[in-house]
Amino acid sequence: DQQVKQNSPSLSVQEGRISILNCDYTNSMFDYFLWYKKYPAEGPTFLISISSIKDKNEDGRFTVFLNKSAKHLSLHIVPSQPGDSAVYFCAASLRGNKLVFGAGTILRVKS
Amino acid sequence: GEEVAQTPKHLVRGEGQKAKLYCAPIKGHSYVFWYQQVLKNEFKFLISFQNENVFDETGMPKERFSAKCLPNSPCSLEIQATKLEDSAVYFCASSPGTDGSPLHFGNGTRLTVT
């Protein structure tokens, strides 16, 4: 039972343009949603999170949008930079406990 | 420390041998989590601790896997009688609480069972 889904395995974007990564979930009880970035041979690095009571959170070039009625969230990166090339994981938590991860989306930012 | 430290980075074991992985959480973090990532796929939750107490073990295989977090010692994940399918990267993470604080991950231990 895959509770968190990232349906796009990969995304390619030109440097300077916007990257939009999407994530869908099934459990309406999730209370926090997080995005992590992962480089090869490293652990996931926390990027940004959003509480289920909010619909938007912004931190510099990164903005996360949450649409609870659609059970959908997205991460916007603007402007995209070559250093943003990595695997991005969407994750959700239940009562602040363990995270449930999506399968990840490989982002390639072309210069 | 300021980072989650996992040792060793790589571990190779013959099938049937024991494997033991270690994790030092960030100082001041009360919660420790173990995840398994097979073939760069999704992260599978194994177990979490609140200090030295098991908080959630719903992801732990019933047999062969055990974990501990003892005071003044790194946390450990032990696999008895390893199998080929145990080959994976095992990530440890820590967090200060369960209020939505993000998990901070180590760089993982790559276990290869031959």
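These notes cover the structure that comes with them.

About the cut-offs
Residues numbered from 1 in each chain as written. Chains lettered and ligands numbered in written order. Predicted model: local features only at pLDDT ≥ 70, side-chain atom pairs only at ≥ 80, totals over all residues. Heavy atoms only, no water. Contact = heavy atoms within 4.5 Å. Buried area = accessible area lost by both parts, 1.4 Å probe. Salt bridge = Lys/Arg side-chain N within 4 Å of Asp/Glu carboxyl O. Polar contact = N/O pair within 3.5 Å; in protein donor to acceptor, adjacent residues only side chain to side chain. 1 Å grid on protein atoms, 1.4 Å probe; cavity = no way out; pocket = protein on both sides within 12 Å on 5 of 7 lines; lining within 4 Å. Points joined across faces, edges and corners; volume = space filled by probe spheres on them. Helix = DSSP H or I, 4+ residues; strand = E, 2+ residues; numbered from the N terminus. Nonpolar A, V, L, I, M, F, W, Y, C, P; charged D, E, K, R; others polar. Pairing = 2+ DSSP bridges. Axes fitted to C-alpha atoms, helices over the stretch in contact; angles between N-to-C directions.

Side note on the interface of chain B and chain A
At the interface, 19 residues of chain B touch 19 residues of chain A. For the chain B and chain A pair, buried surface summed over both sides reaches about 1,600 Å², with 59% attributable to carbon and sulfur atoms. Considering only the side of chain B, the residues that lose the most area to chain A are B:E42, B:F43 and B:F105, jointly responsible for 32% of the buried surface there. Summed over the shared surface of chain B and chain A, the result is one salt bridge. The residue A:K98 makes a salt bridge to B:D56 at a minimum N-O spacing of 3.4 Å. The interface formed by chain B and chain A holds six residue pairs in polar contact (both at pLDDT 80 or more) in total.

Let's talk about the layout of surface pockets
Estimates place the volume of the largest pocket at around 660 Å³. Along the walls of the largest pocket sit 30 residues, with A:K38, A:A41, B:Q37, B:K40 and B:R110 positioned nearest its centre. Residue assignment for the lining of the largest pocket shows that the elements contributing at least two residues are β9 (86-93) of chain A together with β9 (88-95) and β11 (109-113) of chain B. Here the lining of the largest pocket is built from residues that sort into 15 nonpolar, 10 polar and five charged. As for the second largest pocket, its lining consists of 19 residues, of which B:E3, B:V4, B:F105, B:G106 and B:N107 are closest to the centre. Of all the secondary structure elements, the ones that give two or more residues to the lining of the second largest pocket are β5 (45-51) of chain A together with β1 (5-7) and β10 (104-105) of chain B.

Structural notes on the sheet that holds strand β7 (residues 65-68) of chain B
All names here are of chain B. Taken together, the four strands give an open sheet; going across it, the order is β1-β3-β8-β7, and neighbouring strands pair in antiparallel fashion. At either end of the open sheet lies a strand with only one pairing partner, and these are β1 and β7. Neighbour-to-neighbour, the strand axes of the sheet open up by a mean angle of 15°, direction not taken into account.

Focus on the sheet that holds strand β8 (residues 72-77) of chain A
Residue and element names in this part refer to chain A. Spatial ordering of the open sheet is given by β1-β3-β8-β7-β6, a layout of five strands whose pairing is antiparallel. Two strands in the sheet have a free side with no partner beyond their single neighbour: β1 (4-5) and β6 (56-59). Note: β1 against strand β3 (residues 19-25), two bridges, orientation antiparallel. Bridging from a neighbouring strand, V4 pairs with Y25 of β3.

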